[in-house]
Amino acid sequence: MKKTYAKETICIQSGWQPKNGEPRVLPIYQSTTFKYETSEQMGRLFDLEESGYFYSRLQNPTCDYVAQKICELEGGVAAMLTSSGQAANYYAVFNICEAGDHAILSSKVYGGTFNLLTVTMKKMGIECTVVDPDCSYEELCEQFRPNTKCVLAETIANPALVVLDIEKFANAAHAHHVPLIVDNTFATPINCRPFEWGADIVTHSTTKYMDGHAMCLGGAIVDSGNFDWAAYPDKFPGLCTPDESYHGIVYAEKFGKAAYITKATSQLMRDLGSMQSPQNAFLLNVGLETLHLRVPRHCENAQKVAEFLENHEKVAWVDYPGLKSSKYYDLAQKYLPDGSCGVIAFGLKGGRKAAESLMDKLELAAIVTHVADARTCVLHPASHTHRQMNDEQLKEAGVEPDLIRLSVGIENVDDIIADLAQAIDKL
Ligand SMILES: *Cc1c(COP(=O)(O)O)cnc(C)c1O
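The paragraphs below set out a description of the structure included in this document. (Residues numbered from 1 in each chain as written. Predicted model: local features only at pLDDT ≥ 70, side-chain atom pairs only at ≥ 80, totals over all residues. Heavy atoms only, no water.)

## Some details on the site of the ligand
The cut-off we apply is this: Residues are counted as near a molecule or strand when any one of their heavy atoms sits within 4 Å of it. Whenever a nitrogen or oxygen atom comes within 3.5 Å of another N or O atom, the pair is scored as a polar contact, on the condition that within protein one atom can donate a hydrogen and the other can accept it, and that pairs from neighbouring residues in sequence are kept only if both atoms are in side chains. In short, Shrake-Rupley with a 1.4 Å probe defines the accessible areas, and a residue's cover is counted only from the protein chains shown. The helix count covers DSSP runs of H or I at least four residues long, the strand count covers runs of E at least two residues long, and both are numbered beginning at the N terminus. Classes in brief: Ala, Val, Leu, Ile, Met, Phe, Trp, Tyr, Cys and Pro nonpolar; Asp, Glu, Lys and Arg charged; the others, Gly included, polar.
The ligand sits among 15 residues. The nearest are Gly85, Asp183, Ser205, Thr207 and Lys208. A distance of 2.9 Å separates an oxygen atom of the ligand from a polar atom in the backbone of Gln86. Within the side chain of Asp183, one N or O atom sits 2.7 Å away from a nitrogen atom of the ligand. Calculation on the ligand without its partners gives an accessible area of 380 Å², and the protein chains cover 94% of this total. Looking at the shell around the ligand, the element that brings in the most residues is helix α4 (residues 85–94), giving 3 residues. Each residue belonging to the shell around the ligand can be placed in one class, and the counts come to 3 nonpolar, 9 polar and 3 charged.

## Details of the nonpolar core
Which entries qualify depends on this criterion: Residues grouped as a nonpolar core are buried Ala, Val, Leu, Ile, Met, Phe, Trp, Tyr and Cys residues, joined through side-chain atoms within 4.5 Å. Each residue's exposure class comes from its accessible area (1.4 Å probe, protein chains only) as a fraction of the maximum for that residue type: buried when under 20%, exposed when over 50%, partly exposed otherwise. Segmentation of the chain into domains, including their bounds, is taken from an automatic or database domain assignment. In what follows, a contact means two residues having at least one pair of non-hydrogen atoms within 4.5 Å.
In this structure, Val305, Ile344 and Phe346 are the most contacted members of the largest nonpolar core, which totals 133 residues. If one sorts the elements of this core by residue count, helix α13 (residues 291–310) sits on top with 7 residues. Looking at which domains feed residues into this core, each of domain 1 (7–287) and domain 2 (293–425) gives three or more. Beyond its immediate stretch of four places on either side in the chain, Phe346 contacts Leu309, Val315, Trp317, Val318, Leu358, Asp402, Leu403, Ile404, Leu406 and Leu420.

## Some thoughts on unusual backbone geometry
Residue Pro159 is bonded to the preceding Asn158 through a cis peptide linkage, with omega at 5°. Residue position: Pro159 is located in the loop between β4 (148–154) and α7 (166–175). Unusually for a residue other than glycine, Ala214 sits at a positive phi of about 60°. Here Ala214 shows up in the loop between β6 (201–205) and β7 (219–223). The class of Ala214 is partly exposed, set by a relative accessible area of 41%. If you check the backbone angles, Ala372 has positive phi at about 65° while not being a glycine. Relative to the helices and strands, Ala372 resides in the loop between β10 (366–367) and β11 (377–379).

Shown next as structure tokens:
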């Protein structure tokens, strides 16, 4: 596909390109394996001498067509799907970090990502320093060590709604010869393409807006192709020295700009196996076809809901990057000029108790452990996702004890506001 198509066209047309007489719609390659005529050819595939499918744990055509679409949306050079957003962030980091290495993580990230890096990957020998994303460039630079291998942050933090100064993070990472990985789940490439601001790798939980209908867990990793691994061979031995499990292939030499994704596929996917099923990739592709219509509508609705809440006498505070009162309004204007996301955080004057009782009074907005799908939904992190944390830990994670996370859907906005109004009135 030519690279000049607009995002809207990429959402619809990119990925599967049927040839004469082939199915119009992306086929589900529901097959674990693929047939070859000669033993020798199969051997070449296993040596990575030739590209082709042989086992769906590594690659499957349905998944690859969908990865290709996400790759084009982000403006990258190579991409892969994973079974979940957690797997995407895990592989994105583990692909370049080994035991004895160090990573820098924004403190305002999804709870699962925070646990992954600070607890689970620590057990694997990878150390992690957590930084406040609002710190100065100098403070950020102080966190780098000789063994630092990457920096990870979210474009719009879930659920803290911090907008990342991507350029500040990219400049600091590059000054220390490491890539910046940006989790772009909440913004989606419709509202922000982190590569245009210097990010090197983008990850997604496709479970959210990309799927958009709360049907399938999934993740994606996209490489911009801009980070020059071969310039720092001592820092990235996994990409720049021979891989014994592939007869001494050096990824950065053999695959150039596709080195990072090729390694993640042929090594991590082979050995760890968090692949996306072709069925889920098919459904994800259906979601992607309307991403460019849904995301602006989520933002438009969320803006109106945020303004309604801000003007309500029983509401103590509202956090939404599209509000002028937001601490992140200016950063949002710069990085997210077309809108941020559909998620709003707010607190009621009645505090934590009022938050809990509001949940029970909502009729349209459902209580679910999810965000960013077509239906309006609501969650009280202190009572649900972040239940194990005490008030102090909650504050550290950017989650106030009274914080209500409202994921505004694409229903008629007047109905969403009326539901909130009736529930708040009953408090
Ligand atoms: C949900 C989420 C994840 C984890 O994704 P799963 O698909 O649930 O594994 C990672 N990052 C962000 C920003 C998320 O919102």
